[in-house]
Amino acid sequence: MPGKAPQAMICLAPVVGLMVSGLIPNVQAALIGCMLMGALGCIDITSAYRSVDWKTIVLIVGMLPFSVALERTGGVELAADGLRAITSGAGHHIMLATLFAMTALLGMFISNTATAVLMAPVAIAIAVAKEMHASPYPFAMTVGLAASTAFMTPVSSPVNTLVVAPGHYTFGDFVRIRVPFSRVVLIVCTLLVPWLLPL
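To start, this report covers the structure provided alongside it. (Residues numbered from 1 in each chain as written. Predicted model: local features only at pLDDT ≥ 70, side-chain atom pairs only at ≥ 80, totals over all residues. Heavy atoms only, no water.)

Close approach of charged atoms allows side chains of opposite charge to pair. Counted according to the given criterion, the structure contains one salt bridge. A salt bridge links Asp173 to Arg176, with the nearest nitrogen and oxygen atoms 2.7 Å apart. With Asp173 and Arg176 both in helix α10 (residues 171–196) and three residues apart, the pair spans about one turn of that helix. (Salt bridge = Lys/Arg side-chain N within 4 Å of Asp/Glu carboxyl O. Helix = DSSP H or I, 4+ residues; strand = E, 2+ residues; numbered from the N terminus.)

Here it is in structure tokens:
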């Protein structure tokens, strides 16, 4: 509805303000924004229902129990111990870079959403380990950013898959251009995340 752009901006402003201020949880702020959009006629129930990505919701709902199962059966601790063994004696930055690389590599083969759900508990387990004495926030953020670096193959993200045919791209195009770019993202994240979210 192009004519409702000003109303949509009016709805967006309080949502961003509430999220930044932290007065209420982000989920509630987003819900308020959705209700305002409906009240001002920016969306209707039919378009709202059609815009929901049900595949993503089903995927997340399916992967959350898997993540919980890994945590309860010791799979998360096993993965965290393995990652700590690989980087034994290394500093926090090396640990973050390794975590980023593992998450990004895993995201090449499965959905980035599923990758984040699986790797977040591992990252937090690494951070709260006695020998690390680190805040879990930079580790969790690193996983989120690495999972978003899902552009190295055509199958790592639905967005990539959608542009392959119209752009006449090949698998090699993604690897040749986007793998070097992923390395740049890795370096930037490893340097900036601990600075913005202190360890």
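From this point, things continue past the structure.
Turning to a nonpolar patch on the surface, a few remarks are in order. Residues Phe181, Val184, Ile187, Val188, Leu191, Leu192, Trp195 and Leu196 make up a contiguous nonpolar surface patch of about 840 Å² in total accessible area. Position of Leu191 relative to the elements: it lies in helix α10. (Patch = residues over 30% accessible without salt bridge, like charges linked within 9 Å, V, L, I, M, F, W, Y side chains within 5 Å. Areas by Shrake-Rupley, 256 points an atom, 1.4 Å probe, with all protein chains shown as cover.)

Counted by the stated rule, this structure contains one aromatic pair. Between Tyr169 and Phe174 the ring centres are 6.1 Å apart and the planes differ by 80°, which places this aromatic pair in the edge-to-face class. For Tyr169, a relative accessible area of 41% translates into the label partly exposed. (Phe/Tyr/Trp six-rings, centres within 6.5 Å; stacked < 30°, edge-to-face > 60°. Buried < 20%, exposed > 50% of the residue type's maximum accessible area, 1.4 Å probe, protein only.)

It is at 10 Å that the axes of helix α6 (residues 92–106) and α10 come closest, and there the two elements cross at 140°. Taken together, the axes of α6 and α10 are oblique relative to one another. α10 is crossed by α6, and the crossing has right-handed handedness. Only Ser182, Val185, Leu186, Cys189, Thr190 and Pro194 of α10 make contact with α6, whose side of the interface consists of His93, Leu96, Ala97, Phe100 and Ala101. Here the contact of α6 with α10 is composed, by residue class, of eight nonpolar, three polar and no charged. (Axes fitted to C-alpha atoms, helices over the stretch in contact; angles between N-to-C directions. Parallel < 35°, antiparallel > 145°, perpendicular 65-115°, else oblique. Left-handed = near helix turned anticlockwise from the far one by under 90°. Contact = heavy atoms within 4.5 Å. Nonpolar A, V, L, I, M, F, W, Y, C, P; charged D, E, K, R; others polar.)

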